[in-house]
Structures are given as structure tokens and as C-alpha cells.
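# Commentary on secondary and tertiary structure
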Amino acid sequence: MSALIKAIARPEILALCPYQARGGAVAGAVLLDANENPWAPPGAKGAWNRYPEQQAKALVARIAALYSVDIDQLLLTRGADEAIDLLFRATCRAGKDAALITPPTFGLYAVAAKIQGAGLIEIELGQDFSIDPKAIIAAAKAAPVKLIFLCSPNNPTGTLIAQDDIIRIARACVDQLVVIDEAYIEFSGTAGLTCELAALPNLVILKTLSKAYGLAGARLGSLIANTPVIDLVRRVLPPYPLPAPVIAEVQSALAPVNMPIIQTRIAQIITERSRVFEALKAAMGVQKIWPSAANFLLVQLRSNADVLARLKANSIHVRDFSALGEGMVRISIGAPEENDLLLAAFQAGAAQTTSPRRATISRQTKETQISASLDLETTEPVRIDTGIGFFDHMLEQVARHGGFSLILMAKGDLHIDEHHTVEDCAIVLGQALARALGDRAGIGRYGFVLPMDEAQARIAIDLSGRPALRFEAQIAEAGAGGLGGQMVRHVFETLSQHLGAAIHIEASGQNTHHVIEAIFKGFGRALRPALAREGDHIPSSKGVL
Ligand SMILES: *Cc1c(COP(=O)(O)O)cnc(C)c1O
């Protein structure tokens, strides 16, 4: 056993024989070893009558890849919260050992210490919320400290800790576990410290899917460390910590087709954080505001400001941190429209009157998995990956010429042919456009003629809500670039149905590639003014579309 494990482990944990969890259901075997029921309840979406694996292998592999660590450096837990608790159980003897924390910081460290009966050494952050590595090292060496918690970016201050400081502490405190809580690292623009694991045997990194990945309700965290530390913590891990439905849902939420949308949302939160920061900095009711590397801002309100009353009147919840000083609150960065409401309560920045026209759609069938995110208010990013290069190019033309942002990721049964993938992408694009258009207030009906070399396409669109297609184009059966000739008509047929639009297309030309491209580009061009909002009226004598 390594000197580190000897120094940190509770001897009684090393001595115990851990509970032997059953290793997961084996296909084809007759399972009479865990007193399970042979039948799942009616309607169950999986074999929930069986105990799950203690560490679902496929999910471990997916999350290890997400964080760029080895599978034996990772333990999946019920939220990072459980990882904190497990660390205390594995290392701190009640009444004897202690943890070091740097207040103000995440409140659960102190609570978990008290539950375990461990002592607490507190080394306060400085005026600017930075840590004092020298004081931390000295304090850790002067007391029976087993765990040093460093939260980066820190909750509730938003401060990122310099990596050099963390490395210095980890090198000096060789008989302690240095636990870096990276719950918010994805919002910081830095990669975090997983790359230092090999060099620092006592480093522990906590991650969570709750914040950047939008999965707080699923309760999935990770404890990342070198294998000896993982093996120690595994001794106190409950036999079946992760529910089977959670394993399945998280696996599908983290499907690679979803990643570009998740990354775009993280970027959007970072952009919104700057916007809210600047607006609040200038707001009357704000005494002080701190820059943040996380998805929240720590703000001190002026004592005479009635901001709190206005927030309350508008049912806007912010977290009270008056324990840190009068008027201190922590404000999470929400969706742009939520942030607008917040700023309105601060009377900072005009309230937005037009609702955002965005839609995100995730569609999974046996034939295709598709994720799409569409935003009519902006033109970037446009990222398409359907597995059919030519079709990607065509959809990109629609978004670029239509003047909207579109991320569309599809993984389909292309080993059969392109039919399902192309059709389902058209369904999702049509639905996303229809959803983003909402009540269709202020939109129009348009047409466009697009010449392309010797080819020409004439497109007319009426976003009427009623599907209809007129398609008069001679397109060779072979099509172009893996997109069959018949599929072109089928795309627009599907789009007209799911978008709710009359689409008229006439096209001619010698070169099939040109004809198809002219149709898609012309469609985008005709969409652009049709999607543009020209006031709030609904362009129909009936008053609804
Ligand atoms: C939210 C948060 C966590 C907890 O994450 P879960 O995975 O939801 O348990 C851990 N650490 C910090 C600093 C947090 O703010």
C-alpha cells in the first residue's frame, strides 16, 4: 500500500471487507442470485427488475472520454455531493481528523465534515477572494488534515484559482488529498487540472453534469483521482448508487450528436454572463459586483435599493448570501429572456419586448438520432453533420441564405441508404422552424428566383401554417453526392408538412448538382424575408396563421 493511502485512509475502512455488489445482469444467464423479481413492472422502459451495475461500464467509458481521463481514474457518484461525502467517510475519523476549507466557499464541505464528525480548519479567502497557498500549506501541516477542498471556480465568489497555486499546495501537502471541485470549470474557459493527475498522486477532481450539462435532476457526478485513491473510495461506495433509468437517460443525453448544442449553450451562458455583468455594474441598485468564471455572479446590493422587493414581486429568485455581508446575493445566469427580466427588475437595460425565436429538438428513433438547435435571431453558428456531405452542404445553404443559426447533428442508418436520415432531418428542420416561429406574428410570404450557372430555381413560400407542395423539376434519378434525385422532392414535401408552409418550386438545368443546389439556396433566400419579423401583426386577414 502506498504511503499516501496509509496516511489518508481510515484504518477501519482499509480493514473492512467491502460489500460485494452483484456485477450486473449477464445476458442469457438465469439470474437467481440477487433476490430480484423476474418481471419488470408493466410499462417499465428497461429491465428495472434487475439491480444495476455498481459502475455502469458504458457510462463510465462515455464520461471518462468526456473528461479525458482513464476509466480506472473515475468513480460515478450521485452528484458531486455524494463524492464529497464519500471522501469524508473514507478518510476522516470522527473526533480525530479534519478537513481544510477556504470560506466563503461551497457550504456542503462543512456540512459533510460535521456529519462525519470531522474537524474543520478554515483559511479565509483574501479581500479579492484569492487563496493564500502559504497559509493553507502551513495549516494543513500543523493539524491532522486529511482533505483540502479548493473550489475552482469557487461557489459563491466565481473566482478561478491559479493552477500554479493548486500544484504548489498538492506538491507540499503529500499526506493530504487535495480536492479540486471543478463543478463550474466548463464556464471558465480553462481546461481544469485533470492533465496533472499523473504527476500528483494526491490530487482529486470533482466534476458534475448538473451545471454545464443541464442534468442536475439526474444526479450524476464524478470523482476523478489516481487508481489507488479510487480504490480506497470504492470501499465506501454504496452497492448500487446509480439508478438504471438515470444511467439510460444520461447515456442518451450525452450522445455525441448532442455535444455541439451543449457546447453552444455553454458559450451562450458565458456571453450572457458578460452582458448581465456589464448591465449590473452600471445599475443604480448595485454596490459591488465581482467578475466570475462560473455561471453565476456575486452581487452586493445597495442597502437603500428596493431591488429585492422588485425581484420578489416578479417571482425572480436569487440566492441570499447576506452572511457574507449586507445585501450580498448570488445570481445564476439564466436564458437570455430570463436575464432580461432580471435586468428589468434592476432597471438596468431595456426589457425585451419581442420573444426570442429559438427551438431545440431532439428526435430519436430506431433509424435515426437527431439533435437540432435553431435560432432565428442570429446567423451563427451554422454546423451541420448528417453523415451525407452533399446534404450537409445543402442544409447549410438553407441556413446561410435563410439567415438563421442552425446546428443539426444526425446519426442515421446510412448503411441501408440515405432515405431515413434525409427524411428525418427534414422533419426536424421543419419542426424546429415551426416552433421557432411561434404564433408567426410579423412574418411574411415570399418568393425568389435563383440562377446558378446554367440552372435556375424559382421558389415561392407561404408560411401559412397549411402544408402544400408544388414541385416541378427534372432531377436525374442518381441525384448528386449521395442524395438520390427523388429525395430532393421528398425533403421539401416533408418540410412543407412539418413547417406548415406552401412551397412552390420550379427548377431546370443541365447539371444535376447545380439544379439541386439552386433549389436549396433559393429556398433559403425565399425563407429569409419570410422569416423576418416586420412588426407584430399577423399577415393574414384571418388574424391567425
Ligand atoms: C453544485 C455544486 C456541486 C454539486 O454538484 P452535484 O453534482 O449536483 O451534486 C458541487 N460543488 C459545487 C461547488 C457546486 O456548486
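For the structure itself, consult the block above.
Let us look at the structure shown here. (Residues numbered from 1 in each chain as written. Predicted model: local features only at pLDDT ≥ 70, side-chain atom pairs only at ≥ 80, totals over all residues. Heavy atoms only, no water.)

## Regarding the environment of Trp290
Within the secondary structure, Trp290 sits in the loop between strand S8 (286–289) and strand S9 (296–301). When the C-alpha positions of Trp290 and Ile161 are compared, they lie 15 Å apart, and in sequence the two are 129 residues distant. With sequence-adjacent residues up to four places away left out, Trp290 is seen in contact with Phe129, Thr157, Phe277, Leu297, Leu298, Val299, Gln300 and Met328. (Helix = DSSP H or I, 4+ residues; strand = E, 2+ residues; numbered from the N terminus. Contact = heavy atoms within 4.5 Å.)

## A short note on the sheet that holds strand S6 (residues 203–208)
With mixed pairing, 7 strands are arranged side by side in an open sheet as S1-S7-S6-S5-S4-S2-S3. Strands with a single pairing partner mark the edges of an open sheet, and in this sheet they are strand S1 (74–77) and strand S3 (119–122). Across the sheet, the mean angle from the axis of one strand to that of its neighbour is 20°, orientation sign disregarded. One ladder, built from 5 bridges, connects S6 with strand S7 (residues 221–225); its direction is antiparallel. Pairing of Lys207 across the sheet is with Ser222, part of S7. Of the strands in this sheet, S1, S6 and S7 are in contact with helix H3 (residues 57–67), which crosses S1 at around 115°. (Pairing = 2+ DSSP bridges. Axes fitted to C-alpha atoms, helices over the stretch in contact; angles between N-to-C directions.)

## With respect to the sheet that holds S9
One open sheet holds the 4 strands; their spatial order is S8-S9-S11-S10, and the pairing between them is antiparallel. Bordering the open sheet on either side are S8 and strand S10 (319–320), each of which pairs with just one other strand. Across 3 bridges, S8 lies against S9 in antiparallel orientation. In the strand pairing of S9, Lys288 is matched with Gln300.

## Details of the site of the ligand
By nearness alone, 13 residues border the ligand, and Ala80, Asp181, Tyr184, Thr208 and Lys211 come closest of all. Take Arg219: an N or O atom from its side chain is 2.7 Å from an oxygen atom of the ligand. Taking 380 Å² as the accessible area of the ligand by itself, protein coverage stands at 94%. Its residues assigned to classes, the shell around the ligand comprises 5 nonpolar, 4 polar and 4 charged. (Near = heavy atom within 4 Å. Polar contact = N/O pair within 3.5 Å; in protein donor to acceptor, adjacent residues only side chain to side chain. Areas by Shrake-Rupley, 256 points an atom, 1.4 Å probe, with all protein chains shown as cover. Nonpolar A, V, L, I, M, F, W, Y, C, P; charged D, E, K, R; others polar.)

## So, the nonpolar core
Phe404, Leu463, Phe492, Ile519 and Phe520 are the most contacted members of the largest nonpolar core, which totals 61 residues. If one sorts the elements of this core by residue count, helix H16 (residues 512–531) sits on top with 10 residues. (Core = buried A, V, L, I, M, F, W, Y, C linked by side-chain atoms within 4.5 Å. Buried < 20%, exposed > 50% of the residue type's maximum accessible area, 1.4 Å probe, protein only.)

## Here we look at the packing of aromatic side chains
On inspection of all chains with the given rule, the structure shows 9 aromatic pairs. Centre to centre, the rings of Phe106 and Tyr109 are 5.5 Å apart; their planes meet at 80°, and the pair counts as edge-to-face. On the accessibility criterion, Tyr109 (0% relative accessible area) is buried. When the centroid spacing of 5.0 Å and the interplanar angle of 85° are considered together, the rings of Tyr184 and Phe296 count as edge-to-face. Within this pair, whereas Tyr184 is found in the loop between strand S5 (177–181) and S6, its partner Phe296 is found in strand S9, the two being separated by 112 residues in sequence. A relative accessible area of 6% places Tyr184 in the buried class. Exposure remark for Phe296: the relative accessible area of 2% places this residue in the buried category. Through a chain of ring-to-ring contacts, three or more aromatic side chains come together here, namely Phe88, Phe106, Tyr109 and Phe149. (Phe/Tyr/Trp six-rings, centres within 6.5 Å; stacked < 30°, edge-to-face > 60°.)

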